[in-house]
Amino acid sequence: MSDSELDVAAVMPSAEDIAYYRQNGYYVSKKILSDDLIAGALEGSERLYRGEYDERFAWSDDPNVDPNFGVPYTDRTRSRADGYASFHSFGLRALARHPVIASIAAALIGATEIRSWKDQLIYKAPASGPQENEGVTGFHQDKRYWPTCRSDRMITAWIPLHDCSTQNGCLVVIKGSHQWRNNHALVTFDEKNQDYIKSKLINSEGDELVEVPLELQRGQVSFHDCYTIHGSYPNVSDSPRRALSVHLQDGENRYRDLNFLSRAKPVYKHSHDLICRKAENGFPDYSDPEIFPTLYRGTAG
Ligand SMILES: O=C(O)CCC(=O)C(=O)O
Ligand SMILES: [Fe+2]
């Protein structure tokens, strides 16, 4: 399948798919990405890991924005996550800004505009070495990392760069957990003990905790609500598990100033706040087209 051959209407979520997403907090797409695009992203990620950036920005050397900027990735027995990968690699940018991904996101959340929010390239090393929890992504809610975002409708597209199964540590979502809104401290991406996190979850809706492993073939993309609790287990295959996580904001999202919480120092500051333009009121502008390009504009579904 080449990109021009994709029948976009045929891969859009149906009314049932959209209802399923809203009820359960996740959706798995049909095959929407061509092998060429994925090959370009894989090649782009290796260039990025060597520190070869296709484009540079004023902040591309600032470790406060992302500690891995300019740090070559050589020890492949350790996992790694690189923020802003789509800014530095054209191959990854083609995925992160893919118009069909943005259209699907818009349909799922019923938005008239989708802007990019953030991306992260994730390399999960095989866990056969000394660290049996190597590469575990602790169950978390993405929105807890973005308290300065007003929107509660943000959505993540998770794009594997090859087939993913439980064997190599595919993404796992907890069904319906986007409704479990009082898990305030779920900034637990780096916690390796999944049982510990699960023992602390507050299931306000009273449903059973059902984990759904999202097994995807190359070219498919999964989507999850910004409150859906998700994570991943170790990669027990022989090969790395590579994915690009693409976080998206709806057009209505705005910066929320939380500094009233402390006069002494900023309570929450996102790395974006260091690099995006400021609005007239002096606050970060989450519609800055350089950092948050608009990927979809249309009519609500
Ligand atoms: O790939 C993973 O293990 C985690 C990805 C994730 O947390 C996300 O896409 O929001
Ligand atoms: Fe996440």
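Provided above is the structure to which this section pertains.
Residues numbered from 1 in each chain as written. Chains lettered and ligands numbered in written order. Predicted model: local features only at pLDDT ≥ 70, side-chain atom pairs only at ≥ 80, totals over all residues. Heavy atoms only, no water.

Even after reading the chapter, I still don't get the overall build of the chain, so can you show me in this structure?
Each helix and strand in the chain was counted, giving 8 helices and 11 strands. Relative to a compact globule of 301 residues, whose C-alpha radius of gyration would be 19 Å, the chain shows 18 Å and is just as compact. Each of the three principal axes of the chain carries a C-alpha extent, and together these read 50 × 50 × 45 Å. Counting all 301 residues of the chain, 53% fall into the buried class. On the chain, roughly 13700 Å² of surface is accessible, and the fraction owed to carbon and sulfur atoms is 48%. Positive and negative side-chain charges in the chain, numbering 34 and 42 respectively, have mean positions lying 5 Å apart. (Helix = DSSP H or I, 4+ residues; strand = E, 2+ residues; numbered from the N terminus. Rg over C-alpha atoms; globule rule 2.2 N^0.38 Å. Buried < 20%, exposed > 50% of the residue type's maximum accessible area, 1.4 Å probe, protein only. Areas by Shrake-Rupley, 256 points an atom, 1.4 Å probe, with all protein chains shown as cover. Lys, Arg positive; Asp, Glu negative; His and termini not counted. Charge placed at Lys NZ, Arg CZ, Asp CG, Glu CD.)

Would you explain the side chain of Asp 142 in this entry?
Relative to the helices and strands, Asp 142 resides in the loop between strand S4 (137-140) and strand S5 (155-160). Despite being buried, Asp 142 has no salt bridge partner; Arg 144 is the closest side chain of opposite charge, sitting 10 Å away. Asp 142 has contacts with Thr 156, His 224, Cys 226, His 230 and His 247, leaving out every residue within four places of it along the chain. (Salt bridge = Lys/Arg side-chain N within 4 Å of Asp/Glu carboxyl O. Contact = heavy atoms within 4.5 Å.)

Would you mind showing me how to read the pairing of strand S8 (residues 222-225) here?
Residues in a regular strand point their side chains to alternate faces of the sheet. Where burial is concerned, the two faces of S8 agree: the one with Ser 222 and His 224 and the one with Phe 223 and Asp 225 are both buried. As paired elements, strand S1 (residues 26-28) and S8 share 3 bridges and run antiparallel to each other. Within S8, the residue paired with Val 28 across the bridge is Ser 222. Here S5 pairs with S8 via 4 bridges, running antiparallel. From the neighbouring strand, Ile 155 faces S8, where its bridge partner is Asp 225. (Pairing = 2+ DSSP bridges.)

Is there a simple way to think about the packing of helix H2 (residues 15-24) against helix H6 (residues 99-109) in this case?
The relative placement of two packed helices comes down to the angle between their axes together with the axis-to-axis distance. Orientation of H2 relative to H6, taken along the N-to-C sense of each, is 70°, at an axis distance of 8 Å. With respect to H6, the axis of H2 lies roughly perpendicular. As H2 packs across H6, the resulting crossing turns out to be right-handed. Residues Asp 17, Ile 18, Tyr 21 and Arg 22 of H2 form the contact with H6, whose participating residues are Ala 107, Leu 108 and Ile 109. Partitioned by chemical class, the residues of the contact of H2 with H6 number 5 nonpolar, no polar and 2 charged. (Axes fitted to C-alpha atoms, helices over the stretch in contact; angles between N-to-C directions. Parallel < 35°, antiparallel > 145°, perpendicular 65-115°, else oblique. Left-handed = near helix turned anticlockwise from the far one by under 90°. Nonpolar A, V, L, I, M, F, W, Y, C, P; charged D, E, K, R; others polar.)

Teacher, can you tell me more about H6 here?
Side chains three or four residues apart in an α-helix point the same way, a direct result of the helix having 3.6 residues per turn. For H6, the tally of buried residues reaches 10 of 11 residues, placing the bulk of the element in the interior. By the burial criterion, the buried members of H6 are Val 100, Ile 101, Ala 102, Ser 103, Ile 104, Ala 105, Ala 106, Ala 107, Leu 108 and Ile 109. Backbone geometry just after H6 places Gly 110 at a positive phi near 70°.

Hey, could you run me through unusual backbone geometry in this one?
Residues other than glycine predominantly adopt negative phi, and peptide bonds predominantly adopt the trans conformation. With a phi close to 65°, Tyr 84 is a non-glycine residue in the positive phi region. Tracing the chain through its elements places Tyr 84 in the loop between strand S2 (80-83) and helix H4 (85-88). The class for Tyr 84 is buried, based on a relative accessible area of 1%.

What's the story with the sheet that holds strand S9 (residues 230-232) in this structure? I'm lost.
Sheet strands associate in pairs through backbone hydrogen bonding, adopting either a parallel or an antiparallel arrangement. One open sheet accounts for 4 strands, arranged S4-S9-S6-S7; its pairing is antiparallel. The open sheet is flanked by S4 and strand S7 (211-213), the only strands paired with a single partner. Taken over all neighbouring pairs, the strand axes of this sheet differ in orientation by 25° on average, direction set aside. In this sheet, S9 lies alongside S4 in antiparallel orientation, the contact comprising 2 bridges. Paired with Thr 137 across the bridge in S9 is Ser 232.

Looking at this model, I keep getting lost on the site of ligand 1. Mind explaining?
Surveying the vicinity of ligand 1 reveals 14 residues, the closest of which are Thr 137, Trp 158, Ser 232, Arg 241 and Ser 245. A distance of 3.3 Å separates an oxygen atom of ligand 1 from a polar side-chain atom of His 224. The fraction of the free accessible surface of ligand 1 (300 Å²) that becomes covered by protein chains is 99%. Secondary-structure elements contributing two or more residues to the shell around ligand 1 are S4, S5, S9 and strand S10 (241-250). Here the shell around ligand 1 takes 3 residues from S10, the largest share from any one element. Looking at the shell around ligand 1 residue by residue, the class counts come to 4 nonpolar, 8 polar and 2 charged. (Near = heavy atom within 4 Å. Polar contact = N/O pair within 3.5 Å; in protein donor to acceptor, adjacent residues only side chain to side chain.)

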